[in-house]
Amino acid sequence: MLQTAAGASLALTVMAAPSQKAQAQSLTLCWAAWDPANALVEMSKDFTAQSGIEMNFEFVPWPNYADRMLNELNSGGKLCDLLIGDSQWIGGSAENGHYVKLNSFFDKEGISMDDFLPATVYAYSTWPKGSPNYWALPAMGDANGWVYRKDWFSRPALRSEFKSKYGRDLEPPKTWTEMKDIGEFFQGRDIDGKRVYGAAIFTERGSEGITMGATGALYSWGFQYQNPNKPYDMEGFVNSPDAVAALEFYKDLYKCCTPPGYTDSYMEEGLDAFKSGQVAMMMNWFAFFPGLHKDPVVGGDKIGFFVNPGQKVEASTLGGQGISVVSYSEKKDQALEYIKWFASPEVQKKWWSLGGYSCHKSVLLDPGFANTQPFAADFLKAMDGVQDFWQEPAYAELLLAMQKRVHDFVVADQGTAQEALDKLIEDWTETFEDEGKL
Amino acid sequence: MSFAPPHEKLWGKRLAAGLVIVYALVSIIPLIWIFLTGFKSPQDSISYPPKMVFSPTMEGYVNVFTTRTRQTPEYMETLPPPETWYDELVRSRSMVIAGPSKFGQRFLNSIIIGFGSTFLSVFLGTLAAYAFSRFKIPLKDDLMFFILSTRMMPPIAVAIPIFLMYRELGLADTHLGMILLYTAVNISLAVWLLKGFIDEIPREYEEAAMIDGYSRFQSFCKVVLPQATTGIAATAIFCLIFSWNEYAFALLLTSGTAQTAPPFIPTIIGEGGLDWPAVAAGATLFLVPIVFFTIMLRKHLLRGITFGAVRK
Amino acid sequence: MSRPSILQKIVTSAAIATPAPVVRQVRGLSDRAIAWLFVTPTILLLLAINIFPLIWTIQLSFTNYKANRAARGEKFIGLRNYERVLGDADIWITLQTTAHFLIWTMLLQVLLGFGLAWLLNKQFKGHSFWTTLILLPMMLSPAVVGNFWRFLYQPQIGLFNYIIAFFTGADPSSFQMLGDVNLAPWSIVIVDTWMWTPYIMLICLAGLRSIPDYIYEAAEVDRASKWRQFWSITVPMVLPFLMLAVLFRAIENFKMFDLVVELTNGGPGSVTELASINLKREAFEKWRTGYSSAFAIILFVTVFGVANIYVKALNAVKQR
């Protein structure tokens, strides 16, 4: 009797299982908690309407995003079916089997990487770099840019004072030297009864902030991570005289022209500082510019944009992410459906219109693109000259070493720029030796 | 006590009272500030100089429980009129409620994991404490010190192998995994405290019961346990407070499913940086049970914080 | 200890009347079985979650394992991790930072805690209410506390600078507790002291209350001065309590992580990077599992060793 009952209940369970599976049509997408994520939520409603698959989202603020998601991936977590991971995670995720390789899927569905901007494919999808092995679909193009208070720059009194002091017009800077002049000009000035400051730049210690900011200067001075002819040969490149000059300049800018208490600030703090009318210029990711443009307090006519100034070369720090399928997910097929939907040109157009930076050529290379938004032209210019951090599997170690050395020098006044970069080479050499690359 | 003249003693007391009251008030200011910040609007909370006088609003509390999206004024016009007071509040900021935030779930996780681990550690702890108290266990002192020394490892250090272990066993980011871990950490506290409490219950009661024919186990259940209720309750609350406040393990070993409130509250961002009123609201809600327990536990506080080594 | 009640007296005499061995033969599980049954689950749990992982950590410390490169496997490298940890200048700076934190928090908390306890011992009216108020900070979650103190320490929007400026007339933006290399270590000391002074206070209070009045009365009769009484009676009798409190607090502060991570995240630079924060970065951000295991073992051995010595000293003080 007991055995029959057990057998019957087992049969019932087995029968019940498939129908349960059919009902549980939902996917979880993990990304950072920022403006574009909200746009994606909006847009994904189309996907749900079309496919019947519910979309759940897990958004984590940027300072905690890498930590949390890498921890999740390394523990084989099943939280995320789809992950819009940072470009630097590609190496580790590919080699450790966190991401599903998408080549066969792309071939089957006729998704061609030629439809996407080459710089984005290189940066967000491929590992090893530049090889036709795709681990993500380019989802969000991004680079580091600048915004400024166009309304302050237009004030006749300020313009004439600036002209008489510096001999040129008060306009968005073309070089870092020009930018420092503007920063000093505004630092401590009283505008509309409030004390304002020159610029809000990245100084965050914890995740990647100060590295992303300092590389904006480093790249403009022509910084290279390694000998182009000999991989992982860093001496003379990472600590070249130009690199030292760039890092010293970034520190000078930090010391002369930032608000008080600005020692651990990244994107969020920059937004707060700019929106509350505290600074004349702000460094931040292009991702935020649609939202800033729409801001009721500082948007519209009050805001202007400029690409990362050059110094010796024109260069910008690369941001941006690709969307990947997590290999620990139990809903890989449905996740791939989402990717297929996301890759279509119509969806890519809508993505841009809602504030997401599509990487699709049909959007970016459209002749009218530069006129769609005041920052569109600057975005194209930035993407033309982007440089990314190491994407090695050991990228986290490399990034954390740079965070420490740069923050120690720029914010905590330890040692000189030369010493910081020399120590950085030591750190990176140790890591590469561990990895067997050196 | 001394034989000082009465008025000198009185002024001594007054001075002491004055100094203590000053310290208490200064010490309480941060807590009051956080409580107040929960009722400020986001703009007020980041005003400089800080605002002492402001018009209170429930925005912080609404924000901590919801996710919202900003919409254009044109879109706002197309919506039907707001149905609830919080809808209205959010609409007044040109935003629309998109759904519940994760705070409720995190708070619930704190409750589940907190109470679960407390129950387990008190249960196992009471048994072990009784045995240590009543029986001659070989190496008793060493075992007791060993139990205490498990608390000397930095949580991060313990987390390294636990992370690997849980990854293998599939316990990462599960309620069960966290309950087991917190229980293991709390057991040391539970055993030390409960042994102290049980030591104070005279053995003669059990032995009288056993003369009457009860077995050791029955006399444990019928005689010792009822007497130990206060001690068990106090221990339970201390264990709960530890699990409730714990951060490092929750940060490293949990993610979407089992994450508790402490790693979550400092990540509540608004449209730029941290949404301070929401963070303050979340923190206030999280601290309220602890304040309540502290007041309830006043008599046993000393014992609890010294692992039972010091009793008033 | 209360005087025995009548019930207790009856029970005591009854127990004395019954020889012990007879009591033990009653039905049910034997005492030995119960002892083992009651103790084993606890020991098993501790073995599984504390000891086995500790052994695993020791084993890992001799390898080059990286938890994010599990596929690479692990290679035995002997003492190399230990050499690297002990040879790394940054690790020593971290330990120095931790020591600075420990010493100053202990010093301040002992002074303030003992002082408050001494004042509270005078038992003025309403003292238990104010005591409860003072006790609140130590019951809160250190992570949440660290987070909102970060808010309080902001130079422009924070209350701390505002209050200091109010009393000293300085400009609130002229100094930054969290951003200044010299002030940041003090910022964490201040918050920890705010949180844990009540701990020391409570224990010292118990110590003070345990001193019987007649000792002071005898000293008065001997015409000993207040000062003399304090140093010969009060301090020695409170010392064991104080030492116990310092032991517990020092162990906790050595392990300190949540409060400082939320408050300064180890910054600016690395001036507030305590040992646990460094360990977390090595283990869970750089994923250098083998290396960080060696570091963890070194930390544990340090704490365990020092605690052992300290406990022996504490016992010696108690015997006096």
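Rules used in this analysis
Residues numbered from 1 in each chain as written. Chains lettered and ligands numbered in written order. Predicted model: local features only at pLDDT ≥ 70, side-chain atom pairs only at ≥ 80, totals over all residues. Helix = DSSP H or I, 4+ residues; strand = E, 2+ residues; numbered from the N terminus. Rg over C-alpha atoms; globule rule 2.2 N^0.38 Å. Contact = placed C-beta atoms within 7 Å. Core = buried A, V, L, I, M, F, W, Y, C linked by C-beta atoms within 7 Å. Buried ≥ 20, exposed ≤ 12 C-beta atoms within 10 Å, placed from the backbone. Domains from an automatic or database assignment. Pairing = 2+ DSSP bridges. Axes fitted to C-alpha atoms, helices over the stretch in contact; angles between N-to-C directions. Nonpolar A, V, L, I, M, F, W, Y, C, P; charged D, E, K, R; others polar. Right-handed = clockwise from strand over helix to strand, strands pointing away. Expected span 1.5 Å × (residues − 1). Bend = angle between axes of the 7 residues up to and from the residue. Parallel < 35°, antiparallel > 145°, perpendicular 65-115°, else oblique. Left-handed = near helix turned anticlockwise from the far one by under 90°.

Asks: Explanation requested: the overall build of chain B in the structure shown.
Replies: The helix and strand tally for chain B stands at 16 helices and two strands. Computed over C-alpha atoms, the radius of gyration of chain B comes to 25 Å, more than 25% over the 20 Å expected from 2.2 N^0.38 for 312 residues, which places it beyond the range of a compact globule. With respect to the three principal axes, the spread of C-alpha positions in chain B is 85 × 70 × 40 Å. Looking at chain B alone, contacts between residues at least 24 apart form 75% of all its contacts between residues at least 6 apart.

Asks: So what exactly am I meant to see when it comes to the interface of chain C and chain B here?
Replies: A common way to express how large an interface is: the accessible area buried when the components associate. Taken together, the contact pairs 85 residues of chain C with 91 residues of chain B. Per-element tally for the side of chain C that touches chain B: the top contributor is helix H3 (residues 31–60) of chain C, with 14 residues.

Asks: Looking at this model, I keep getting lost on the nonpolar core. Mind explaining?
Replies: Formed by 297 residues in total, the largest nonpolar core has its most connected members in Ala199, Leu247 and Met282 of chain A, Ala159 and Leu253 of chain B together with Cys204 of chain C. The element best represented in this core is helix H9 (residues 175–199) of chain B, accounting for 16 residues. Structurally, this core is a two-domain feature, drawing no fewer than three residues from each of domain 1 (26–142 + 320–387) and domain 2 (144–317 + 394–435) of chain A. Excluding its chain neighbours within four sequence positions, the residues that come into contact with Cys204 of chain C are Gly113, Phe114, Ala117, Val238, Phe241 and Leu242 of chain C.

Asks: So what exactly am I meant to see when it comes to the sheet that holds strand S10 (residues 303–307) of chain A here?
Replies: Residue and element names in this part refer to chain A. Spatial strand order, S8-S9-S5-S10: four strands in an open sheet with mixed pairing. Whereas interior strands pair on both sides, the edge strands pair on one side only; in this sheet they are strand S8 (197–200) and S10. Between one strand axis and the next, the sheet turns through 20° on average, direction left out of account. As paired elements, strand S5 (residues 144–149) and S10 share five bridges and run antiparallel to each other. Note on S10: the bridge partner recorded for Val147 is Phe305. Packing of helix H12 (residues 267–275) onto the sheet brings it into contact with S5, S8 and strand S9 (279–285), and relative to S9 it is tilted by some 150°. Along the sheet, helix H18 (residues 376–384) makes contact with S5 and S10, crossing S10 at roughly 20°.

Asks: For this particular structure, what's the right way to read the interface of chain C and chain A?
Replies: Each partner contributes to the interface: chain C provides 24 residues, whereas chain A provides 22 residues. Classifying every residue of the side of chain C that touches chain A gives nine nonpolar, eleven polar and four charged.

Asks: Looking at this model, I keep getting lost on the sheet that holds strand S4 (residues 137–140) of chain A. Mind explaining?
Replies: Residue and element names in this part refer to chain A. The five strands lie next to each other as S2-S1-S3-S12-S4, forming an open sheet whose pairing is mixed. Bordering the open sheet on either side are strand S2 (54–60) and S4, each of which pairs with just one other strand. Within the sheet, the average angular offset between the axes of one strand and its neighbour, ignoring direction, is 30°. Relative to strand S12 (residues 321–325), strand S3 (residues 82–86) runs antiparallel, the two being bridged by five bridges. Counted as the bridge partner of Asp86 is Gln321 from S12.

Asks: How do you make sense of the pairing of S2 of chain A when you look at a structure like this?
Replies: Residues and elements named next belong to chain A. In this structure, strand S1 (residues 26–32) lies alongside S2, joined through seven bridges in parallel fashion. Bridge pairing links Leu29 to Phe57 in S2. Note on the crossover from S1 through helix H2 (residues 35–51) to S2: the handedness is right-handed.

Asks: Got a minute to help me understand the environment of Gln226 of chain A in this structure?
Replies: Residue and element names in this part refer to chain A. You can see Gln226 is positioned in the loop between helix H10 (209–220) and helix H11 (241–257). Gln226 sits ten residues away from Gly236 along the chain, and the two C-alpha atoms are 8.5 Å apart. Once you skip the residues sitting within four places of it in the chain, Gln226 turns out to touch Pro231, Tyr232, Asp233, Met234 and Phe237.

Asks: Would you explain helix H11 (residues 226–254) of chain C in this entry?
Replies: In an α-helix there are 3.6 residues to a turn, and that puts residues three or four apart on one side. Residue and element names in this part refer to chain C. In this model, H11 (29 residues) spans only 37 Å end to end at C-alpha, well below the 42 Å of a helix rising 1.5 Å per residue. Of all the bends found along H11, the most pronounced is centred on Leu239 and spans about 45°, while Pro240, a proline, follows it within four residues. Structurally, H11 contributes buried residues whose contacts are with helix H5 (89–120), helix H9 (184–209) and helix H14 (289–319).

Asks: Which parts of the structure should I look at to understand the packing of H2 of chain A against helix H15 (residues 345–354) of chain A?
Replies: Helix-helix packing: each pair is described by the crossing angle between the helix axes and the interaxial distance. Residue and element names in this part refer to chain A. With their axes 10 Å apart at the nearest point, H2 and H15 run at an angle of 140° to one another. One element, H2, and the other, H15, form an angle in the oblique class. Crossing geometry of H2 relative to H15 is assigned as right-handed. From H2, Ala39, Glu42 and Met43 reach across to H15, where they touch Lys350, Trp351 and Leu354.

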